[in-house]
Amino acid sequence: AEAVTLMGFHAAAGSLAKPLTTGKASLPFWGGAAAMTAAEVLKLLPLRGRAKRYADAAAAVCGLAGGFALRWSLVHAGPLSANDPEAARQASRPR
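Our subject in this report is the structure included herewith. What you see is a predicted model; the values in this text were computed from it and never measured. By convention here, each chain's residues receive numbers from 1 onward along its written sequence. Since the coordinates come from a predicted model, pLDDT governs what is reported: local features require at least 70, and pairs of side-chain atoms require 80 or more to be given and counted, while whole-chain, interface and lining totals use all residues. Side-chain measures here rest on the full set of heavy atoms in the structure, leaving out hydrogens and waters.

1. Overview of the packing of helix α3 (residues 26-44) against helix α4 (residues 49-82)
Our working rule: Convention adopted: a line fitted to C-alpha atoms gives each axis, helices being fitted over their contacting stretch, and angles between N-to-C directions are expressed from 0 to 180 degrees. Secondary structure counts use DSSP, requiring at least four H or I residues in a row for a helix and at least two E residues in a row for a strand, with both numbered from the N terminus. Here the word oblique covers every angle except those under 35 degrees (roughly parallel), over 145 (roughly antiparallel) and from 65 to 115 (roughly perpendicular). Note on convention: the crossing is left-handed when the near helix lies turned anticlockwise from the far helix by less than a right angle, right-handed when the turn is clockwise. Note on contacts: a residue pair qualifies if any of its non-hydrogen atoms lie within 4.5 Å across the two residues. Polarity classes work like this: nonpolar for Ala, Val, Leu, Ile, Met, Phe, Trp, Tyr, Cys and Pro, charged for Asp, Glu, Lys and Arg, and polar for all others, with Gly in that last group.
Between α3 and α4, whose axes approach to 7 Å, the crossing angle comes to 155°. Between α3 and α4, the crossing angle belongs to the class labelled roughly antiparallel. When the axes of α3 and α4 are compared, the crossing they make is left-handed. Packed against α3, whose contacting residues are Pro28, Phe29, Gly32, Ala33, Ala35, Met36, Ala38, Ala39, Leu42 and Lys43, the element α4 presents Lys52, Ala55, Ala58, Ala59, Cys62, Gly63, Gly66, Gly67, Ala69, Leu70, Trp72 and Ser73 at the interface. Tallied by class, residues from the contact of α3 with α4 come to 15 nonpolar, 5 polar and 2 charged.

2. A short note on the pattern of salt bridges
Opposite charge on two side chains lets them pair, provided their charged atoms get close. Short version of the rule: Only one rule defines a salt bridge in this text: a Lys or Arg side-chain nitrogen within 4 Å of an Asp or Glu carboxyl oxygen. Whether a residue is buried, partly exposed or exposed follows from its accessible area with a 1.4 Å probe, protein chains only, as a fraction of its type maximum: under 20%, in between, or over 50%, in that order.
Across all of its chains, the model carries 2 salt bridges by this definition. With a shortest N-O distance of 3.0 Å, Lys43 and Glu40 are connected by a salt bridge. Of the two residues, Lys43 and Glu40 are both situated in helix α3; the distance of 3 residues between them amounts to about one turn of the helix. Assessed through its relative accessible area of 35%, Glu40 is described here as partly exposed.

Have a look at this one:
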């Protein structure tokens with residue numbers, strides 16, 4: 001669910017997401033997206049017993065770390081975007 005929402009946000013933001021995807025906040029953003037993807041993959045592995053418990057625990061850790069990284073990158077990319085006059089003009093244009 002987070003991946004679909006993130007893709008929708010990125011598509012809707014277009015070039016306004018540049019500080020998030022290419023700026024200082026890009027490493028935590030892409031790392032968080034990768035961690036969230038890893039969490040989903042780990043949940044879908046066909047494992048049993050102890051391996052399943054470890055995979056579930058790893059998925060939980062990846063999900064928490066990924067969510068934190070995405071939140072951190074969104075919060076820290078906000079001021080970078082707000083200080084960009086061209087982005088402010090583009091965001092305030094009527095659609």
